[in-house]
Amino acid sequence: AVVASRALGAQPAPRALVGRPSCSLRLVPEMAPLRSLRRRGAHLAAAGVALAAALSSLAGARSAAWLQLPKGQPTTTPQTTGTQEGQLVLPGRRAALAAAGLALPLRTVMPAVAAEPSFTKTARFEVQFGKGNAVKKRKLVIGIYGDEAPILSRSFVHAVENTYPGEAGRQVRYRFADVKTLETDKAVTWADFEEGNLYYKAVQEFDSRWIGNKVLKLPLAGDDTKTEERNGLRHDLAGRVSMRMGGNSFDFSVTPVANVASLDATNVVIGQVLEGMDVIEDINKMRLVGGKPSKKVRFYSSTLI
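Source: prediction; values computed, not measured.

## Quick notes on the overall build of the protein chain
- What the protein chain contains, in helices and strands, is five helices and 14 strands.
- Out of the 305 residues belonging to the protein chain, those deemed buried represent 34%.
- Taking the contacts inside the protein chain whose residues are at least 6 apart along the sequence as the reference set, 58% of them involve residues at least 24 apart.
- Of the roughly 18,800 Å² that the protein chain leaves accessible, carbon and sulfur atoms contribute 54%.

## A closer look at the confidence of the model for the protein chain
- When pLDDT is averaged along the protein chain, the result is 77; 62% of the residues meet or exceed 70.
- A low-confidence stretch, residues 1-5 (pLDDT under 50), is modelled with three contacts involving residues beyond four sequence positions or located in other chains.
- Contacts of residues 102-106 to residues separated by more than four positions or lying in other chains number twelve contacts, the stretch itself having pLDDT below 50.

## What to know about the pattern of salt bridges
- Enumeration according to the criterion identifies 15 salt bridges in this entry.
- As a salt-bridge pair, Lys201 and Glu167 come within 3.0 Å of each other at their nearest N and O atoms. A residue pair is termed long-range when its members are at least 10 positions apart, and Lys201 in strand β7 (residues 198-206) and Glu167 in the loop between α4 (150-161) and β5 (178-183) qualify at 34 residues.
- You can call Lys201 partly exposed: its relative accessible area is 26%.
- Residues Glu195 and Arg170 are paired through a salt bridge, measuring 3.0 Å at the closest nitrogen-oxygen approach. Of this pair, Glu195 sits in the loop between β6 (187-192) and β7 while Arg170 sits in the loop between α4 and β5, and the two are 25 residues apart along the sequence.
- Owing to a relative accessible area of 59%, Arg170 belongs among the exposed residues under this scheme.
- Counted as one network, the salt bridges with shared partners bring together Glu116, Asp236 and Arg240.

## Section: the packing of aromatic side chains
- Considering all chains together, one arrives at 16 aromatic pairs under this definition.
- Where Trp190 meets Phe252, the ring centres are 5.6 Å apart and the plane angle is 20°; that geometry is what we call stacked. Residue Trp190 is located in strand β6, and its partner Phe252 is located in strand β10 (residues 252-254); the two are separated by 62 residues in the primary sequence. With respect to burial, Trp190 and Phe252 carry one shared label: buried.
- In this structure an aromatic cluster arises from ring pairing among Phe125, Phe156, Tyr164, Tyr174, Trp190, Phe193, Phe250, Phe252 and Phe299.

## Focus: the side chain of Ser249
- You can see Ser249 is positioned in the loop between β9 (240-244) and β10.
- A distance of 3.0 Å separates a polar atom in the side chain of Ser249 from the backbone nitrogen of Asp251.
- Apart from residues lying up to four places away in sequence, Ser249 is in contact with Ser155, Ala221, Thr225, Met243 and Arg244.

## Some details on unusual backbone geometry
- Residue Ala191 is bonded to the preceding Trp190 through a cis peptide linkage, with omega at 20°.
- Structurally, Ala191 is set in strand β6.
- The phi dihedral of Asn259 falls on the positive side, at around 60°, and the residue is not glycine.
- By secondary structure assignment, the location of Asn259 is in the loop between β10 and β11 (267-275).

## Describing helix α5 (residues 277-284)
- Those residues of α5 not exposed but buried are Met277, Val279, Ile280, Ile283 and Asn284. Projected down its long axis, α5 carries its buried residues within an arc of 155°, all on one side.

## Structural notes on the environment of Asp178
- Along the chain, the position of Asp178 falls in strand β5.
- Sequence-wise, Asp178 and Gln128 are 50 residues apart; in three dimensions their C-alpha atoms are separated by 9.4 Å.
- Discounting residues that sit within four places of it in the chain, Asp178 has contacts with Trp190, Ala191, Asp192, Lys296, Val297 and Arg298.
- Here Lys296 takes part through its side chain, which lies 3.1 Å from a polar atom of the side chain of Asp178.

## Here's the deal with the environment of Arg240
- Locating Arg240 in the fold gives a position in strand β9.
- According to the relative accessible area criterion, Arg240 is buried, its value standing at 1%.
- Along the chain, Arg240 and Gly143 lie 97 residues apart, while their C-alpha atoms are 9.8 Å from each other.
- Aside from chain neighbours lying at most four places away, what touches Arg240 is Glu116, Tyr145, Leu233, Arg234, His235, Ser253, Val254, Thr255, Val269, Gly271 and Gln272.
- Only 2.9 Å separates the side chain of Arg240 from the backbone oxygen of Arg234, close enough to count as a polar contact.
- Polar side-chain contacts of Arg240 include one of 3.1 Å to the side chain of Asp236.

## Structural notes on the side chain of Thr122
- As for its placement among the helices and strands, Thr122 is situated in strand β3 (residues 121-129).
- Apart from residues no more than four positions distant in its own chain, Thr122 is found in contact with Val141, Ile142, Gly143, Leu274, Thr303, Leu304 and Ile305.

Criteria and thresholds
Residues numbered from 1 in each chain as written. Predicted model: local features only at pLDDT ≥ 70, side-chain atom pairs only at ≥ 80, totals over all residues. Heavy atoms only, no water. Helix = DSSP H or I, 4+ residues; strand = E, 2+ residues; numbered from the N terminus. Buried < 20%, exposed > 50% of the residue type's maximum accessible area, 1.4 Å probe, protein only. Contact = heavy atoms within 4.5 Å. Areas by Shrake-Rupley, 256 points an atom, 1.4 Å probe, with all protein chains shown as cover. pLDDT = per-residue confidence, 0-100. Salt bridge = Lys/Arg side-chain N within 4 Å of Asp/Glu carboxyl O. Phe/Tyr/Trp six-rings, centres within 6.5 Å; stacked < 30°, edge-to-face > 60°. Polar contact = N/O pair within 3.5 Å; in protein donor to acceptor, adjacent residues only side chain to side chain. Arc of directions from axis to C-beta.

And the structure:
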């Protein structure tokens, strides 16, 4: 209305009319001679035609920044022409846009988020809070990034299935294992194994005076579990599953909250909680007694699915 009134040499309505449902313009013929009216009307019409042409051309422009590409076609960044900072001109549409005096602001591009790796296996646990068979079992499902940390993931799977081939293989099973430590808002760590975390091996000892047996205390994990593998995954999400750098252990930790950067210096991410995050959150809320939950939290079963 303002543009039209200026082009036609009109004066706006009095201030008292502003804001009312209807508003009129008072034309002052003596301020706009016939030739001036014609000239201004022609300019206004030409600007309208140029604007319509530019909008029509813009609507037909194929650009990944505004339009969804056909299925299967890779997304590309639209090319830009011109040198004016803060403006985007699509190829082949410069003339139309310039005629209308239009400039399109650059659309903000969000940084790409790295895709999560694929799961190679999935483990299912039944978690029991407290003692007694009558206690309700709760489900915890963990996806395993086997390709991101092959040796650590293999150790985890061996303990899930009770298939570790080492000397202490019979003891290495998450079934009936308890939470080992709890660090509130940092990590819930398994496992205190049912038959202990050391392997007792009896060896025969020879001496010049006597022959007898000696019992050695050995770790459950053998040299085949040691590794220096790393990956680019971080403890940035709640429910990250990780094992200690270097291996030589079957312990694993689950983050109850996101962004636990301190674990990036000690652990390697091997998986992610897919179901049962409420179980981890409830453990995280438990009162601590000697670095462990005040109530026993045990895996009643563990299996691959």
